[in-house]
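Each chain, letter by letter, is given below.
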Amino acid sequence: PERWEKTLEMLKKYDLSVLPYYEYAGSVGTEGVGLKKHARPLSRDDSYTHVWWAERFYADVTHPDTLPDAQKVLEATIVRYKDDAHFIGAWFRTRNSHIPMSFSDDTLARFTQECRLDEPATREKLLADQSLLNQYYRWWFDQRKAFLVALRDYLRADIGEIVIDHPAVYR
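### A few points about the overall build of the protein chain
Regarding its fold elements, the protein chain presents six helices and four strands. Listing every helix and strand of the protein chain by position from the N terminus yields α-β-β-α-α-β-β-α-α-α. Along the first, second and third principal axes, the C-alpha atoms of the protein chain reach 60 × 30 × 25 Å. Classification of the 171 residues of the protein chain by burial places 40% in the buried group.

In structure tokens, the structure reads:
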């Protein structure tokens, strides 16, 4: 339980900066966002890829519960320790399908509403209409960008502007 605290103590002792690495797929507790699997593939129901073991958890960045969930992870690992170490950022790397493009009914409803479509978007319509699918891709990538920017802004609000010109960065 104290591994992270002890690691931060050691890094501070040697004046080293910290860049935590996250393979975020949503939290995994009994009420975890990742366990709920709000996302859904476009053309199949079983999984996104053949790598089933990498898809035990995943998060839909458009779902309203995902951003607060990811912020809790940052709170527990960076914000809580902001005075104990020099953090230079947070690295979110996704494995297969950790933050997949979602085509769930709820996500399609958000797309329909935000893009003010005349008719509800469905998986069938997206598969049949390349123009609509391209619009969806643009919308979803904007949603993912907004999610990541919101995480950045959350950290900036709590720990300030992240400065990379700390001497320890160049050791």
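### Considering the environment of threonine 122
Structurally, the position occupied by threonine 122 is in the loop between helix H4 (105-114) and helix H5 (123-128). Residue classification places threonine 122 among the partly exposed residues on the basis of a relative accessible area of 26%. C-alpha separation for the pair threonine 122 and threonine 112, spaced 10 residues apart in sequence, amounts to 9.2 Å. A polar side-chain atom of threonine 122 sits 3.0 Å from the main-chain amide nitrogen of lysine 125.

### Here we look at H4
Every buried residue of H4 is accounted for by Thr107, Leu108, Arg110, Phe111 and Thr112. Where H4 is buried, its residues contact H5 and helix H6 (130-159). In the segment just after H4, arginine 116 is the residue with positive phi, at about 50 degrees.

### Focus: the side chain of serine 97
Here serine 97 lies in the loop between strand S4 (91-92) and H4. Polar side-chain contacts of serine 97 include one of 3.4 Å to the side chain of glutamate 55. Ignoring sequence-local partners within four residues, the contact set of serine 97 consists of Tyr48, Thr49, Glu55, Phe57 and Tyr58.

### Let's talk about the packing of aromatic side chains
Counted under the stated rule, the structure contains 10 aromatic pairs. One aromatic cluster is present, formed by Tyr22, Tyr24, Phe92 and Phe147 through successive ring pairs.

### Some points on the nonpolar core
In this structure, Leu74, Phe103, Leu126 and Tyr136 are the most contacted members of the largest nonpolar core, which totals 33 residues. Sorting the residues of this core by element identifies helix H1 (3-13), helix H3 (66-77), H4 and H6 as the ones contributing at least two each. Excluding its chain neighbours within four sequence positions, the residues that come into contact with tyrosine 136 are Met101, Ser102, Phe103, Thr107, Leu108, Phe111 and Leu126.

### Some remarks on unusual backbone geometry
Positive phi outside glycine occurs at aspartate 15, with the angle close to 55 degrees. With respect to the element layout, aspartate 15 can be found in the loop between H1 and strand S1 (17-18). The residue lysine 37 is not glycine, and still its phi comes out positive at about 50 degrees. The class of lysine 37 is partly exposed, set by a relative accessible area of 33%.

### Looking at the pattern of salt bridges
Opposite charge on two side chains makes pairing possible when the charged atoms of those side chains draw close. Overall, the coordinates contain six salt bridges when judged by the stated rule. Of the charged contacts in the structure, one is a salt bridge between glutamate 31 and lysine 36, with a shortest N-O distance of 4.0 Å. A residue is classified by how much of its surface remains accessible, and glutamate 31, at 60% relative accessible area, is exposed. Residue lysine 36 is classed as partly exposed on the basis of its relative accessible area of 40%.

### Re the environment of lysine 125
For lysine 125, the position within the fold is in helix H5. Residue classification places lysine 125 among the partly exposed positions, given a relative accessible area of 31%. For lysine 125, the residues in contact, after removing those within four places along its chain, are Glu119, Pro120 and Leu132.

### Some remarks on the confidence of the model for the protein chain
It should be kept in mind that the predicted coordinates are not to be read in detail where pLDDT is low. In this model, the protein chain carries an average pLDDT of 89, and 94% of its residues clear a pLDDT of 70 or more. When the elements of the protein chain are averaged for pLDDT, helix H2 (residues 33-36) gives the smallest value, 89, and H4 the largest, 98. In the model, residues 166-171 has pLDDT below 50 throughout and makes 14 contacts with residues more than four positions away in sequence or in other chains.

What counts and what doesn't
Residues numbered from 1 in each chain as written. Predicted model: local features only at pLDDT ≥ 70, side-chain atom pairs only at ≥ 80, totals over all residues. Heavy atoms only, no water. Helix = DSSP H or I, 4+ residues; strand = E, 2+ residues; numbered from the N terminus. Buried < 20%, exposed > 50% of the residue type's maximum accessible area, 1.4 Å probe, protein only. Polar contact = N/O pair within 3.5 Å; in protein donor to acceptor, adjacent residues only side chain to side chain. Contact = heavy atoms within 4.5 Å. Phe/Tyr/Trp six-rings, centres within 6.5 Å; stacked < 30°, edge-to-face > 60°. Core = buried A, V, L, I, M, F, W, Y, C linked by side-chain atoms within 4.5 Å. Salt bridge = Lys/Arg side-chain N within 4 Å of Asp/Glu carboxyl O. pLDDT = per-residue confidence, 0-100.

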